[in-house]
Amino acid sequence: RVSGAYKPVARRVKPVPGVFPEDARVSRQFPEDPLDSLPPLTCHPPEFVPSMKLTQERMDGLKINSDGFLWPEEEKLFQHIFSLNEKVLAFEESDRGTFREAYFSPYIIPTIPHVPWEDKNILIPP
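Cut-offs used in this document
Residues numbered from 1 in each chain as written. Predicted model: local features only at pLDDT ≥ 70, side-chain atom pairs only at ≥ 80, totals over all residues. Heavy atoms only, no water. Helix = DSSP H or I, 4+ residues; strand = E, 2+ residues; numbered from the N terminus. Buried < 20%, exposed > 50% of the residue type's maximum accessible area, 1.4 Å probe, protein only. Contact = heavy atoms within 4.5 Å. Core = buried A, V, L, I, M, F, W, Y, C linked by side-chain atoms within 4.5 Å. Salt bridge = Lys/Arg side-chain N within 4 Å of Asp/Glu carboxyl O. Polar contact = N/O pair within 3.5 Å; in protein donor to acceptor, adjacent residues only side chain to side chain. Phe/Tyr/Trp six-rings, centres within 6.5 Å; stacked < 30°, edge-to-face > 60°.

Engineer: Can you walk me through the environment of Pro 46 in this structure?
Structural biologist: Residue placement: Pro 46 occurs in the segment before α1 (56-61). Classification of Pro 46 as partly exposed rests on a relative accessible area of 42%. For the pair Pro 46 and Lys 76, spaced 30 residues apart in sequence, the C-alpha separation works out to 7.0 Å. Setting aside residues no more than four positions away along its own chain, Pro 46 makes contact with Lys 76 and His 80.

Engineer: Sorry, what's going on with the nonpolar core here?
Structural biologist: In this structure, Phe 48, Leu 54, Met 59, Ile 64, Phe 82 and Leu 89 together form the largest nonpolar core, which totals 6 residues. In contact with Leu 89, other than residues within four places in its own chain, are Lys 53, Leu 54, Phe 82 and Asp 95.

Engineer: What exactly am I supposed to notice about the pattern of salt bridges here?
Structural biologist: Oppositely charged side chains can form a pair if their charged atoms are brought close together. Applying the stated criterion to the full structure yields 5 salt bridges. Put simply, Lys 76 and Glu 47 hold a salt bridge, and the shortest N to O gap is 3.3 Å. Taken as a pair, Lys 76 in helix α2 (residues 72-84) and Glu 47 in the segment before α1 lie far apart in primary sequence, 29 residues in all. Of the residues examined, Lys 76 reaches a relative accessible area of 17% and is grouped as buried. When its relative accessible area of 57% is taken as the criterion, Glu 47 is described as exposed. Its salt-bridge partner being Glu 93, residue Arg 96 comes within 3.0 Å of it at the nearest N-O pair.

Engineer: Sorry if this is basic, but what is going on with the side chain of Asn 65 here?
Structural biologist: Among the structural elements, Asn 65 can be located in the loop between α1 and α2. Here the side chain of Asn 65 touches Glu 75 through a polar contact of 3.3 Å, side chain to side chain. Sequence-distant contacts of Asn 65, defined by excluding residues within four places in its chain, comprise Leu 70 and Glu 75.

Engineer: Can you help me understand the packing of aromatic side chains in this one?
Structural biologist: How two aromatic rings sit relative to each other is set out by the distance from centre to centre and by the angle between their planes. A full pass over the atoms with the stated rule returns 3 aromatic pairs. With a centroid separation of 5.0 Å and 45 degrees between ring planes, the pair formed by Phe 99 and Phe 104 is classed as tilted. Judged by relative accessible area, which is 27%, Phe 104 ranks as partly exposed.

Engineer: In this structure, what is going on with the side chain of Lys 76? I would like to understand it.
Structural biologist: Within the structure, the side chain of Lys 76 is placed 3.3 Å from the side chain of Glu 47, a separation counted as a polar contact. If near-sequence neighbours (up to four positions away) are discounted, Lys 76 is found in contact with Pro 45, Pro 46 and Glu 47.

If you want it as structure tokens, here you go:
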């Protein structure tokens, strides 16, 4: 269900054939192996302890096991993984961020200058 208006025709962006600029390419590098910095997981995860960012209300809002498919230990493991990685969650606009520049170069959207035009109206005889 769409709860907003679509983009008006006046704001439509049409792709233009051309060569993608070399300085707009995104470079991706891995300065370190990201798997090396993952914390080890336990076979028996602890009970969820709310924190400043990941509160009980937010955890309930994630609806981790809403259909009852997971076992209780699997649900606790899922909550434990969320607790370990709570820095990557953005619940508010102020929490949003970008990728670290050590891994990805800044994303540049190339544009071209243009002059708006308008066709003449076709005259319809009376």
